Amino acid sequence: MSLQERNATEKVLDARERYVAAGVSTPPLVVARAEGARIEDVDGNTYIDFAGGLGCQNTGHGLPAVVSAIHEQADRYLHQCFMVGMYEPYVEVCRRLAELSPCRGEQQKSILLNSGAEAVENAVKIARAATGRPAVVVFDRAFHGRTLLTMTMTSKVVPYKRGFGPFAPEVYRAPAPYPYRGVTTDDAIHELEVLFKADVDPQSVACVVLEPVQGEGGFVDMPLDFPPRLQELCQRYGILYVDDEVQAGVGRTGPVWAIEHYGVEPDLLVSGKSLGGGLPLAGVTGRAEIVDAVPAGGLGGTFGGNPLACAAALAVLDEVSSEGFRRRADEIGERLRVGLEAIRERVDFVGEVRGIGPMLALELVEDRGTKTPASALASATTAAARERGLILLSCGLYGNVIRILVPLVVSDEDLDRGLELLEEALVDAGTRAT
Ligand SMILES: Cc1ncc(COP(=O)(O)O)c(C=O)c1O
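For every chain, the first residue of its written sequence is number 1, and the numbers climb from 1 along that sequence. Two thresholds apply to this predicted model, a pLDDT of at least 70 for residue-level local features and 80 or more for giving and counting side-chain atom pairs, whereas whole-chain, interface and lining totals are computed over all residues.

Details of the domain arrangement of the protein chain
Phase 1: Domain boundaries shown here were taken from an automatic or database domain assignment. Taken as a whole, the protein chain is organised into domain 1 (4-62 + 323-433) and domain 2 (77-320).
Phase 2: Centre-to-centre separation of domain 1 and domain 2, based on C-alpha positions: 26 Å.
Phase 3: Contact between residues is assigned whenever the C-beta positions, reconstructed from backbone atoms, fall within 7 Å. Listed as interface residues are 27 residues of domain 1 and, on the opposing side, 28 residues of domain 2.
Phase 4: Of all the secondary structure elements, the ones that give two or more residues to the side of domain 1 that touches domain 2 are α2 (52-55), α11 (323-346), β13 (350-356), β14 (359-364) and β17 (401-404).
Phase 5: All amino acids are sorted into three groups, where Ala, Val, Leu, Ile, Met, Phe, Trp, Tyr, Cys and Pro are nonpolar, Asp, Glu, Lys and Arg are charged, and the leftover types, Gly among them, are polar. Of the residues contributing to the side of domain 1 that touches domain 2, the split by class is ten nonpolar, ten polar and seven charged. Helix and strand assignments follow DSSP, with helices taken as H or I runs no shorter than four residues and strands as E runs no shorter than two, numbered in order from the N terminus.

Printed below as a string of structure tokens:
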């Protein structure tokens, strides 16, 4: 792409440099419009979108049902604050979340919030109030957000923690399974038991918080036996199981919730990202006796459960719970996996293809024997992909994992073309590195 073709982009980049905080990391992409799984930039270049607004567009950019629900709601009222004047869309989202809840218990209740981090914070508040215990157990490679408590719970120093201490107390960390790097379910359960002997009394743990497929941490899907064994341990000690599905939920892995693959009924579910169809919305859902442990006034917030976001979420939840969506998500997952496995056979620095359904990733390594993380190759791949017209994201503790969060409305043609561009970008990055 020549600089002339990037006039409008350059202008925004200059203004961004001048006025926007450096701490927000941004790519050289300025979006003008987006539809389905396609993005167009301000210079008229089009891209296939394998990033979906960082996992917030599982139902695609501008799903007509979502857009018209937002328009209709905008004509009625934009904001009330649920603590000042209640409104039906908020209550309806909670009713739908109850119907779709994977959590244990008959009667399910929810609170709605603005972001994943805020929802995780609220899940911890609820768990502490319900158990009367202070401690929280999280896992290696976890990402739960950027607020004080959630950055403490997050497991990556740079860029999320360096310089931002002191951190919140009573957060303990255990290894999570990572079969590609030799950490098994047995190892993880054993280490958790050691944590309970060495560092924290299990009787003072309010909750464990686990992503069924770790997102920012490298798209590491938990082995099928880990969540059930973790739940057994939780039940033994009266610890609540909090399922953080901010990234893996709302249809990302096929079913509405990723935990459905595991046959586990968590105590609390945290949802976010795609829930609002592109508007900020997150939730905490669980059985009434737990959620209602917090008395009136203990939970809330000015904007949480904004009416526009709730109207959008009702359309999103209808879509992701439909048979057609599930069928297509499964098809996309299979097509992607076949394509990615073929790439792994041809590109020797692809160490592993992993994930569940269409939530898939490639881990890049310098050498398949040593498995040394190939971080620079991953960033060169995302840059080369963008130059070719494919929006891709990396993730992982070492930034060496290429993840796919393609909107699950993508056409087969764009999916196949995206895979071709991904392979070209990998080969290009590999060539530049040698
Ligand atoms: C699993 C998980 N939890 C929590 C969060 C935080 O969400 P938010 O960025 O909306 O605060 C994220 C964000 O990526 C996430 O992936």
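Here we look at the site of the ligand
Phase 1: Defining nearness, a residue is near a molecule or strand when the C-beta atom obtained from its backbone falls within 6 Å of it. Taken together, 14 residues sit near the ligand, with Ser-115, Gly-116, Ala-117, Val-246 and Gln-247 positioned nearest.
Phase 2: No other element matches the three residues that helix α5 (residues 116-131) contributes to the shell around the ligand.
Phase 3: For the shell around the ligand, a count of residues per class yields four nonpolar, seven polar and three charged.

Remarks on the packing of helix α3 (residues 64-76) against helix α10 (residues 307-320)
Phase 1: Remark: α3 packs on α10, axes separated minimally by 8 Å, with the N-to-C direction vectors making an angle of 150°. Judged by the angle between their axes, α3 and α10 are roughly antiparallel. For the crossing formed where α3 meets α10, the hand is right-handed. Facing α3, whose interface residues are Ala-65, Val-66, Ala-69, Ile-70, Glu-72, Gln-73 and Ala-74, α10 presents Pro-307, Leu-308, Ala-311, Ala-312, Leu-314, Ala-315, Val-316 and Glu-319.
Phase 2: Taken together, the residues that form the contact of α3 with α10 break down as twelve nonpolar, one polar and two charged. For helices, the fitted line uses only the C-alpha atoms of the stretch in contact; every axis is such a line through C-alpha atoms, and the angle between N-to-C directions lies from 0 to 180 degrees. In this scheme, roughly parallel covers angles under 35 degrees and roughly antiparallel covers those over 145, while 65 to 115 is roughly perpendicular and the rest are oblique. By definition, turning the near helix anticlockwise from the far helix through less than a right angle yields a left-handed crossing, and turning it clockwise yields a right-handed one.

What to know about the sheet that holds strand β4 (residues 108-113)
Phase 1: In space, the seven strands of this open sheet follow the order β4-β12-β11-β10-β7-β5-β6, with mixed pairing throughout. Every other strand in the sheet has two partners, leaving β4 and β6 (171-174) as the edge strands with one partner each. When strand polarity is set aside, the average angle formed by the axes of neighbouring strands in this sheet is 20°.
Phase 2: Where strand β7 (residues 205-210) lies against strand β10 (residues 240-244), four bridges are found, and the strand directions are parallel. The partner of Cys-207 across the bridge, within β10, is Leu-240. Any two strands with at least two DSSP-identified bridges between them are counted as paired.

Considering the pairing of β13
Phase 1: With respect to burial, β13 is a largely interior element, six of its seven residues being buried.
Phase 2: Bridging between β13 and β14 involves six bridges; their strand directions are antiparallel. Bridge pairing in β14 places Arg-354 opposite Ala-361. Whether a residue is buried, exposed or partly exposed is read from the other C-beta atoms within 10 Å of its own C-beta, which are placed from the backbone; 20 or more gives buried, 12 or fewer gives exposed, and intermediate counts give partly exposed.

Remarks on α11
Phase 1: With 24 residues, α11 extends 35 Å between its outermost C-alpha atoms, agreeing within 8% with the 34 Å of an ideal straight helix rising 1.5 Å per residue.
Phase 2: All of the buried residues in α11 are Ala-329, Ile-332, Gly-333, Leu-336, Gly-339 and Leu-340.
Phase 3: Its buried side turned inward, α11 meets β13, β14, β17 and α13 (412-433). The span expected for a helix works out to 1.5 Å for each residue beyond the first.

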